[in-house]
Amino acid sequence: MKKVFLSLALLALAAVGMLSISSCEKGEELQGTFIYYDEPFEKHCVKSDKEIKGYFKYSDSELPLFITGRIPSEFKPGDTAIVSAETKCVYRSVGPDVDCNFSLYEFKSVERI
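Below or above, wherever it landed, is the structure these notes cover. (Residues numbered from 1 in each chain as written. Predicted model: local features only at pLDDT ≥ 70, side-chain atom pairs only at ≥ 80, totals over all residues. Heavy atoms only, no water.)

### Here's the deal with the nonpolar core
Soluble, globular proteins show a tendency: their nonpolar side chains are buried together. Formally: The nonpolar core is taken to be a set of buried Ala, Val, Leu, Ile, Met, Phe, Trp, Tyr and Cys residues, with the residues joined through side-chain atoms within 4.5 Å. Think of it in three bands: with a 1.4 Å probe and only protein chains considered, a residue is buried below 20% of the maximum accessible area for its type, exposed above 50%, and partly exposed in between. Each helix is a run of DSSP H or I of at least 4 residues and each strand a run of E of at least 2, with the numbering of both proceeding from the N terminus. Between two residues, a contact is recorded if the distance between any of their heavy atoms is within 4.5 Å.
Core analysis: the largest hydrophobic core is formed by 17 residues, its most contacted members being Phe 34, Phe 56, Ile 67, Ile 71, Phe 75, Val 83 and Phe 107. Mapped onto this core, the elements with two or more residues apiece are β1 (30–36), β4 (54–58), β5 (65–67), β6 (80–91) and β7 (104–112). In terms of residue count, β6 provides more of this core than any other element does, four residues in total. Not counting the four nearest positions on each side in its chain, Phe 34 is found in contact with Gly 54, Tyr 55, Phe 56, Ile 67, Ile 71, Phe 75, Asp 79, Thr 80, Ala 81, Val 83 and Phe 107.

### Notes on the sheet that holds β5
Using the following cut-off: Whether two strands pair comes down to DSSP finding at least two bridges between them. What counts as an axis is a line fitted to C-alpha atoms, over the stretch in contact for a helix, and the angles between N-to-C directions run from 0 to 180 degrees.
What the five strands build is a closed barrel, ordered β1-β4-β5-β7-β6; its pairing is mixed. Strand after strand, the sheet turns through a mean of 55 degrees between neighbouring axes, direction not considered. Two elements, β6 and β7, share eight bridges in a ladder whose sense is antiparallel. Of the residues in β7, the one forming a bridge with Tyr 91 is Leu 104.

### Some thoughts on the pattern of salt bridges
Oppositely charged side chains may form a pair once their charged atoms are brought near each other. What counts is decided by this rule: By convention in these notes, a salt bridge is any Lys or Arg side-chain nitrogen within 4 Å of a carboxyl oxygen on Asp or Glu.
Using the criterion set out here, one finds two salt bridges in the structure. Across the pair Asp 79 and Arg 112 runs a salt bridge, and its minimum N-O distance is 3.3 Å. Here Asp 79 is found in the loop between β5 and β6, whereas its partner Arg 112 is found in strand β7, with 33 residues between them in sequence. Residue classification places Arg 112 among the partly exposed positions, given a relative accessible area of 35%. Here Glu 86 and Lys 108 are joined by a salt bridge, their closest N and O atoms 3.3 Å apart. With Glu 86 in strand β6 and Lys 108 in strand β7, this pair connects stretches of sequence that are 22 residues apart.

### What about the environment of Glu 39?
The residue Glu 39 is located in the loop between β1 and β2 (42–43) in this model. When its relative accessible area of 58% is taken as the criterion, Glu 39 is described as exposed. Along the backbone, Glu 39 and Lys 76 are 37 residues apart, and their C-alpha atoms lie at a distance of 9.9 Å.

### A word on the packing of aromatic side chains
In plain terms, the rule: Ring pairs shown here join Phe, Tyr and Trp side chains whose ring centres sit within 6.5 Å, with only the six-membered ring taken for Trp; geometry is labelled stacked below 30 degrees between planes, edge-to-face above 60, and tilted in between.
Taken as a whole and assessed by the stated rule, the structure comprises nine aromatic pairs. When the ring of Phe 34 is compared with that of Phe 107, the centres are 5.1 Å apart and the planes differ by 80 degrees; the resulting orientation is edge-to-face. Linking Phe 34 in strand β1 with Phe 107 in strand β7, this pair joins segments that are 73 residues apart in sequence. Across this residue pair, the class does not change: Phe 34 and Phe 107 are buried. Pairwise contacts between aromatic rings join Phe 34, Tyr 36, Phe 41, Phe 56, Tyr 58, Phe 75 and Phe 107 into one cluster.

This is the structure we're talking about:
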């Protein structure tokens, strides 16, 4: 009985892990609004080596994707632009234990529409 319970618990844990990983990746090109923050950029409270440079909000999402990493030079701090972008997750949120714990993304590609 203990082995069955342990097996079910491990299976449930693996399923939750797969869902959280897949929810982090956005492997398709999405259209939305990119807000490029003014400098100085805020540091992410969990990943203090990462700056939050702005956010990308696309139509199918209620919450924005917080963007870090390199931003093309055609965008200037303070810009708001309608863009087509593909993102990749560089830090996956690990839970609600930390008040500002949220996932961070980089642009794989981004262009102004």
